[in-house]
Amino acid sequence: DRYQRRVRGCTHKKMAKPIHKDQIAIYVPKTQTWYVTLDNMSWNTDPNRQFQLKSGHKDDVPAPGNYVGDGWRIGAFRDGKFYVKGTGRADWASSQGNGEIIWVAPGKEKDDIPVSDNYLGDGTTRLATFRPAEGKWYIKGPTFHDWLNTHQGNHVAQCGGKGDIPVQADYFGEGKPRLAVFRPGKAAHWFIKGAGLNDWSASTNNLDIEFGKEGDIPVPADYTGDGKVDLAVFRPKEGHWLIKGPGTAGWKESTGNVELAFGKKGDIPFAGDFYGEGKARLAVYRPDEGRVYIKGPGFQDEAKSQGNLVLTFPEAHGIPVVRKYGF
């Protein structure tokens, strides 16, 4: 599953104000509907605290981003193209500035995983994919032309391989993500590339951290509020979260590790600073129910936590997509 595993006519506008709270959206492929909650507290209690729109295709992999610097836009990757909706809450059909970007070499993107992110630390999202078959990251330059017509700023970097799961994140508080992959196995490994967009072999200070095992789902986030992303996994078989302590040592060699019970098999784990607390809370989406479960603050088991919340969305079988939308 690639989730767990050409824009025309756009002009640069005034930079959007920074949003300090993550917001939860659920994309339902079957109906191409996005449900966005603005306060992460409820659904259907106040229409001013939520909205929904139609945009996409049943085969889309969600890829929203602040691609122009004027605020977050709904986006997706499908069949070798990125589709980016115009700004605002209108459906795709009613929006201005919609478009598509043809990606790299047609026919080779079948298994690409969208990994758009703020790779240069300038506050804007760069269109990007990770291609597991090659172990390469394709990061597009700052224009809205197709990949082959973008003559400056494109980057191709080798980091990872077939079967790897991309987990780019700001692990060291540098203000931009490092390229990284999670490699499942009896003893899982996190490969975090040194700073910059060079190939792994040309980079310094690369890291190989042993943490996790077969079946684990990586969920890195800043759980402690120190401005650095922590390594973490969700273990579906046990319904447990494991959050590694600080530093670059493996799980067994680290201090400050945390393990707690929250969620169950079949849940999709994610995390975010949903309430402006300065650190991420644990959350799971239960597809069959169409519900999001957010654990209360702290590292106690769910049963012992206060402030747990449940959000029930209108449709089931969606995909959780957490961003600082700011709509």
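Shown above is the structure to which this text applies.
Since this is a predicted model, take the numbers as computed values, not measurements.

Engineer: Tell me what's going on with the packing of aromatic side chains, and back it up with residues and numbers.
Structural biologist: Taken as a whole and judged by the stated rule, the model has 17 aromatic pairs. Where F270 meets F274, the ring centres are 6.1 Å apart and the plane angle is 80°; that geometry is what we call edge-to-face. Take F274: its relative accessible area is 0%, and that puts it in the buried class. Among the aromatic residues, those joined into a ring-pair cluster are F77, F82, W103, Y138 and W147. The lysine or arginine in question, R131, covers the ring of Y138, its NZ or CZ lying 4.4 Å from the ring centre. The aromatic ring of Y293 is capped on one face by R286, whose charged end is 4.3 Å from the ring centroid.

Engineer: How would you summarise the sheet that holds strand 22 (residues 291–294) if you had to cite specific residues and measurements?
Structural biologist: Sheet architecture is open: 4 strands sit in the order 20-21-22-23, paired in antiparallel fashion. If you trace the sheet from one side to the other, it starts and ends with strand 20 (268–272) and strand 23 (309–312), each paired once. Averaged over all adjacent pairs, the angle separating strand axes in this sheet is 25°, with direction ignored. With 4 bridges joining them, strand 22 and strand 23 adopt antiparallel strand pairing. Bridging from a neighbouring strand, V292 pairs with L311 of strand 23.

Engineer: Explain the pattern of salt bridges to me, and be specific about the residues and the numbers.
Structural biologist: If you walk through the whole model with that rule in mind, you get 16 salt bridges. The residue R281 makes a salt bridge to E277 at a minimum N-O spacing of 2.8 Å. Assessed through its relative accessible area of 10%, R281 is described here as buried. Among the charged side chains, a salt-bridge network with shared partners connects D112, R131 and E134.

Engineer: Give me the sheet that holds strand 18 (residues 240–243): which residues, what numbers.
Structural biologist: The strands that make up a sheet are held in pairs by hydrogen bonds between backbone atoms, and each pair lies either parallel or antiparallel. Pairing is antiparallel across the open sheet formed by 4 strands, whose spatial order is 16-17-18-19. Looking at the sheet topology across the chains shown, the edges are occupied by strand 16 (217–218) and strand 19 (258–261). Pairing between strand 17 (residues 232–235) and strand 18: 4 bridges, direction antiparallel. Paired with V233 across the two strands is L242, which belongs to strand 18.

Engineer: For the environment of Q32, give the residues involved together with the corresponding values.
Structural biologist: The residue Q32 is located in the loop between strand 1 (23–28) and strand 2 (33–37) in this model. Take Q32: its relative accessible area is 24%, and that puts it in the partly exposed class. Taking the C-alpha atoms as reference points, Q32 and G65, separated by 33 residues in sequence, lie 18 Å from one another. Those residues in contact with Q32 that lie beyond four places of it in its chain are Y27, L53, K54, S55, G56, H57 and K58. Within the local environment of Q32, its side chain forms a polar contact with the backbone oxygen of K30, the two atoms lying 3.2 Å apart.

Engineer: Help me get a handle on the side chain of D170, residues and values and all.
Structural biologist: Turning to its location among the elements, D170 is positioned in the loop between strand 12 (165–166) and strand 13 (180–183). Buried charge D170 goes without a salt bridge, the closest partner of opposite sign being R178 at 6.8 Å. Within the structure, the side chain of D170 is placed 3.0 Å from the backbone nitrogen of G173, a separation counted as a polar contact. Apart from the residues lying within four places of it in its own chain, the contact partners of D170 are G175, K176, P177, G227, K228 and V229.

Engineer: Quick rundown of the environment of I24? Include the residues and the values.
Structural biologist: Along the chain, the position of I24 falls in strand 1. By relative accessible area, which is 0% here, I24 ends up buried. C-alpha of I24 to C-alpha of R323: the two residues are 299 residues apart in sequence and 6.9 Å apart in space. Excluding residues within four positions of it along the chain, I24 makes contact with Y35, V36, T37, N40, F270, F274, V292, I294, F313, V321 and V322.

Rules used throughout
Residues numbered from 1 in each chain as written. Predicted model: local features only at pLDDT ≥ 70, side-chain atom pairs only at ≥ 80, totals over all residues. Heavy atoms only, no water. Phe/Tyr/Trp six-rings, centres within 6.5 Å; stacked < 30°, edge-to-face > 60°. Buried < 20%, exposed > 50% of the residue type's maximum accessible area, 1.4 Å probe, protein only. Lys NZ or Arg CZ within 6 Å of the ring centre and 35° of its normal. Pairing = 2+ DSSP bridges. Helix = DSSP H or I, 4+ residues; strand = E, 2+ residues; numbered from the N terminus. Axes fitted to C-alpha atoms, helices over the stretch in contact; angles between N-to-C directions. Salt bridge = Lys/Arg side-chain N within 4 Å of Asp/Glu carboxyl O. Contact = heavy atoms within 4.5 Å. Polar contact = N/O pair within 3.5 Å; in protein donor to acceptor, adjacent residues only side chain to side chain. Lys, Arg positive; Asp, Glu negative; His and termini not counted.

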